[in-house]
Amino acid sequence: MTLAGKRILLIIGGGIAAYKSLDLIRRLRERGASVSPVMTRAAEQFVTPLSVSALAGEEVHRDLFDLTKEAEMGHIQLSRVADLVVVAPATADLMAKMAAGQASDLATTLLMATDTPVMIAPAMNVRMWDHPATQRNLSTLTGDGISVVGPNDGDMACGEYGPGRMAEPLEIVAAVERALASGPLVGRRILVTSGPTHEPIDPVRYIANRSSGAQGTAIAQALRDLGADVVFVTGPADVARPEGVEVIEVESAQQMYDAVMGCLPVDVGVFAAAVADWRVKSASGSKIKKQAGALPVLEFAENPDILATVSQMGEGRPGLVVGFAAETDDVVAHATAKRARKRCDWIVANDVSPDTGIMGGSENSVILISAAGAEHWPRAPKQEVARKLAARIADALGGDAR
Ligand code: C5P
């Protein structure tokens, strides 16, 4: 998603994680957002206003009582021109001041004066994060409608380990994109599976298929662009992972099954992955050695059918379940039978005979099978097929669910 035309008021608090805010500014601007930076006095101990303003391409706001700026753009106006106020890092001190409603410097005054949504990215020592006072402040802030990204678990600059590390710049960007999303799928959580699976034979060998993940990735992007909150469960696909969505990487069908079950409930499930039907029954824990005159024999076991399982769930079944069918002959008949057998709502069927160039290629020619019958879509780039499918899903769901 792009953030073109969006303005972020970025309040940088005084913590070591402030260095990540420099990268955050770059990432936000890369996506077309403009960033008005504000620094607390403490923040200036960690990064310089010069580097912040150089990256933002705008002057840093630092003083509450700056009469020149007050004449040009008062702090009230500054707090309201943004589409979103992001506090990163949000220190324990800043969170406490926000929760108490203090307006003792420019940053806290802006936070009190703003009428735009606020997001915080907390960063502090693990014990400070766990402290009942911080947790109390956190629940006050979330109760006030402030959204929170992170903190993450990990090694901290102070040498301790645990929750308190500020979310990475790209995670913050993704949260910003979600917060500013607009479109008919806002408020909808949609699961997309994509790519091939790898079924291990031994630690170095596996059985795979030719799926590139291109169509599933394009679908995730198209759904995201309509405002959906997308969770993308992908096998080891060739194409780059979509941005602005939650990505869960898996290898085998069993792992994909577990990941999908862990993502439920969702409003819609789109099962575009080319999941292996079988796995090697007992994959070897060590590399199978080549032996003269003795070929290894592989015994197979059936993989769980993710689409059929989700389609046939009673409670917790997504409102709309979309499966795919890659066929090489009698596409409509096979796909129609598959829809009935799996009990999904729609099947997106395509002919993957080698001469079509679809598997691994950039175009797709699909037939949408639903209760209404078979609808042939013209051959088009996979992105366009994805956009059409996303629009159909939006139509089927109707309206913004926010
Ligand atoms: O049965 P077949 O593999 O042809 O069905 C294809 C559809 O079923 C696709 O949507 C695919 O993602 C899904 N599928 C699945 N789990 C499996 C096999 C297929 O979700 N084990």
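Computed from a prediction, not measured in an experiment: that's the story for all the values here. (Residues numbered from 1 in each chain as written. Predicted model: local features only at pLDDT ≥ 70, side-chain atom pairs only at ≥ 80, totals over all residues. Heavy atoms only, no water.)

Undergrad: So what exactly am I meant to see when it comes to the site of the ligand here?
TA: Around the ligand sit Phe271, Ala273, Val275, Asp277, Pro304, Asp305, Ile306, Leu307, Gly323, Phe324, Lys338 and Lys342, and those are all the residues in its vicinity. Here a nitrogen atom of the ligand sits 2.8 Å away from a polar atom, N or O, in the main chain of Pro304. Within the side chain of Lys338, one N or O atom sits 2.3 Å away from an oxygen atom of the ligand. Protein contacts shield 87% of the accessible area of the ligand, which totals 440 Å² for the unbound molecule. Contributions of two or more residues to the shell around the ligand are made by helix 12 (306–311), strand 16 (320–327) and helix 13 (331–342). (Near = heavy atom within 4 Å. Polar contact = N/O pair within 3.5 Å; in protein donor to acceptor, adjacent residues only side chain to side chain. Areas by Shrake-Rupley, 256 points an atom, 1.4 Å probe, with all protein chains shown as cover. Helix = DSSP H or I, 4+ residues; strand = E, 2+ residues; numbered from the N terminus.)

Undergrad: How should I be thinking about the domain arrangement of the protein in this particular structure?
TA: Interface size is commonly expressed as the accessible surface area that is lost when the partners come together. Domain boundaries assigned for the protein yield domain 1 (7–179) and domain 2 (189–397). Distance between the C-alpha centres of domain 1 and domain 2: 39 Å. (Domains from an automatic or database assignment.)

Undergrad: Would you take a moment to explain the sheet that holds strand 4 (residues 118–122) for this structure?
TA: Pairing between the strands of a sheet is mediated by backbone hydrogen bonds and can be parallel or antiparallel. Spatial strand order, 2-1-3-4-5: five strands in an open sheet with parallel pairing. The open sheet has two free edges, formed respectively by strand 2 (34–39) and strand 5 (147–148), since each of these has just one partner strand. Strands in contact with helix 1 (residues 18–30) are strand 1 (7–12), strand 2 and strand 3 (84–90); relative to strand 1, the strand with the most contacts, it is inclined by about 175 degrees. Relative to strand 3, helix 5 (residues 92–100) is tilted by about 135 degrees, and along the sheet it contacts strand 1, strand 3 and strand 4. (Pairing = 2+ DSSP bridges. Contact = heavy atoms within 4.5 Å. Axes fitted to C-alpha atoms, helices over the stretch in contact; angles between N-to-C directions.)

Undergrad: Which parts of the structure should I look at to understand the pattern of salt bridges?
TA: Side chains carrying opposite charge are able to pair once their charged atoms draw close together. This model, assessed by the stated rule, comprises 25 salt bridges. The salt bridge partner of Asp23 is Arg26, with a shortest N-O separation of 3.5 Å. With Asp23 and Arg26 both in helix 1 and three residues apart, this pair spans about one turn of that helix. Its relative accessible area of 23% is what places Asp23 among the partly exposed residues. Residue classification places Arg26 among the partly exposed positions, given a relative accessible area of 41%. Residue Asp93 is joined to Lys97 by a salt bridge in which the shortest nitrogen-to-oxygen separation is 3.1 Å. Remark: Lys97 and Asp93 occur in helix 5; sequence separation between them is four residues, near one turn of the helix. In the salt-bridge network here, residues are joined through shared partners; they are Asp23, Arg26, Arg27, Glu30, Arg31, Glu177 and Glu243. (Salt bridge = Lys/Arg side-chain N within 4 Å of Asp/Glu carboxyl O. Buried < 20%, exposed > 50% of the residue type's maximum accessible area, 1.4 Å probe, protein only.)

Undergrad: I tried to follow the packing of helix 5 against helix 8 (residues 132–143) on my own but got confused; where do I start?
TA: Any two packed helices are characterised by how steeply their axes cross, that is the angle between the axes, and by the distance between the axes. Two elements in contact, helix 5 and helix 8, have axes whose closest approach is 9 Å; the angle formed by their N-to-C orientations is 50 degrees. By the criterion of interaxial angle, the relationship of helix 5 to helix 8 is oblique. Two packed elements cross with a definite hand, and for helix 5 against helix 8 that hand is left-handed. Side by side, helix 5 and helix 8 meet where Ala92, Met95, Ala96, Met98 and Ala99 of the first sit next to Thr134, Asn137, Leu138, Thr140 and Leu141 of the second. Each residue belonging to the contact of helix 5 with helix 8 can be placed in one class, and the counts come to seven nonpolar, three polar and no charged. (Parallel < 35°, antiparallel > 145°, perpendicular 65-115°, else oblique. Left-handed = near helix turned anticlockwise from the far one by under 90°. Nonpolar A, V, L, I, M, F, W, Y, C, P; charged D, E, K, R; others polar.)

Undergrad: Before we go on, may I ask you to explain the environment of Val332 in this structure?
TA: Note that Val332 resides in helix 13. The class of Val332 is partly exposed, set by a relative accessible area of 30%. Between the C-alpha atoms of Val332 and Ile367, which are 35 residues apart in sequence, the distance is 7.5 Å. Not counting the four nearest positions on each side in its chain, Val332 is found in contact with Ile367, Ile369, Ala374 and His376.

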